[in-house]
Amino acid sequence: SDEKAEQTRILRMDQYDWTQYFKVRILNTIFDTGEKGQTIIIEDITLEKEMEERLRINEARYRGIVEDQIEMICRYTPNGRLSFGNEAFCKSLAISQNEINSHSIQDFLPPDSIRQIQNAMAGCSSENPVWDLELEITNPSGVHHWQHWIFRGIFDDTNTPIEFQGVGRDVTDRKRAEIELLIKSCAIESSIMPISLAT
């Protein structure tokens, strides 16, 4: 009885231990006799709804895994624009997830690290999509950190990179220990005083 030319409804029918979904289209119709009526088209969309529900559950699981990681995870376009960052990534850069899309990965890197990433991206291919780098990162408060990242290129059907994903962890403590060891080693080697080490 509605004046609209067409209406669409999704109906759910529960019977025993199974559920069916139907897409119902109701079209206002004028018949050959001139009388007004309605044409009803019913389509079974149960399989489609089940697939949507599975996809929703899988996305929720994936989101939970990614967000609960202590490793930093980010994705960015070939021009460096960030498209995703998990909670650990955002926390390390002191930005909110709502700010992700307004930043480039290059906003947080010194020129040398930017060159390293650009060179690695240029050499990335669908046959060789993974590389790793140690990068010096400066957070917004000016503190320097060292991070180890594993990057992966994501390609379309024509083998053109459409996105890059990185998984990183902070290795600042290890890097500082390496630097201290190097300084001690250099001090020992350049010392004019005799030095011996013994167990």
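The structure contained in this document is the topic of the report that follows. As the structure is a prediction and not an experimental result, all values here were calculated from the model.

1. Re the nonpolar core
What tends to happen in soluble globular proteins is that the nonpolar side chains get buried as a cluster.
Step number 1: One finds Tyr-76, Leu-82, Phe-89, Ile-117, Trp-131, Leu-135 and Phe-151 to be the most contacted residues of the largest nonpolar core, which totals 26 residues.
Step number 2: If you list the elements that add at least two residues to this core, you get β4 (72-76), α2 (87-93), α3 (111-123), β6 (130-138) and β7 (144-155).
Step number 3: Once residues lying within four places of it in the same chain are set aside, the contact partners of Phe-151 are Tyr-76, Ile-117, Pro-129, Val-130, Trp-131, Leu-133, Leu-135, Gln-165 and Gly-166.

2. Points about the sheet that holds strand β1 (residues 6-15)
Step number 1: Within the open sheet, the 3 strands sit side by side as β1-β2-β3. Their pairing is antiparallel. The sheet is open, and its two borders are formed by β1 and β3 (36-44), each paired with just one other strand. Ignoring strand direction, the axes of neighbouring strands in this sheet form an average angle of 25 degrees.
Step number 2: Pairing geometry for strand β2 (residues 18-30) and β3, over 9 bridges, is antiparallel.

3. A short note on the pairing of strand β5 (residues 82-85)
Step number 1: Pairing of β4 with β5, which is carried by 3 bridges, proceeds in the antiparallel orientation. If you follow Arg-75 over to β5, its bridge partner there is Phe-84.
Step number 2: Linking two consecutive strands that pair antiparallel, namely β4 and β5, is a turn of 5 residues; a positive phi of about 95 degrees is found at Gly-80 within it.

4. Some details on the sheet that holds β6
Step number 1: Taken in spatial order, the 5 strands of this open sheet run β5-β4-β8-β7-β6, and their pairing is antiparallel. Single-partner strands in this sheet number two, and they are β5 and β6. Strand-to-strand, the axes of this sheet are offset by a mean angle of 25 degrees, without reference to chain direction.
Step number 2: The strands touched by α3 within the sheet are β4, β6, β7 and β8 (161-170), with β6 carrying the most contacts at an inclination of about 165 degrees.
Step number 3: Along the sheet, helix α4 (residues 172-190) contacts β6, β7 and β8; its crossing angle with β7, the most-contacted strand, is approximately 125 degrees.

5. Quick look at the environment of Asn-86
Step number 1: When you line up the elements, Asn-86 lands in the loop between β5 and α2.
Step number 2: Asn-86 sits in the buried class, given a relative accessible area of 0%.
Step number 3: With 19 residues separating them along the chain, Asn-86 and Ile-105 place their C-alpha atoms 14 Å apart.
Step number 4: Here Phe-89 takes part through its backbone nitrogen, which lies 3.0 Å from a polar atom of the side chain of Asn-86.

Conventions and cut-offs
Residues numbered from 1 in each chain as written. Predicted model: local features only at pLDDT ≥ 70, side-chain atom pairs only at ≥ 80, totals over all residues. Heavy atoms only, no water. Core = buried A, V, L, I, M, F, W, Y, C linked by side-chain atoms within 4.5 Å. Buried < 20%, exposed > 50% of the residue type's maximum accessible area, 1.4 Å probe, protein only. Helix = DSSP H or I, 4+ residues; strand = E, 2+ residues; numbered from the N terminus. Contact = heavy atoms within 4.5 Å. Pairing = 2+ DSSP bridges. Axes fitted to C-alpha atoms, helices over the stretch in contact; angles between N-to-C directions. Polar contact = N/O pair within 3.5 Å; in protein donor to acceptor, adjacent residues only side chain to side chain.

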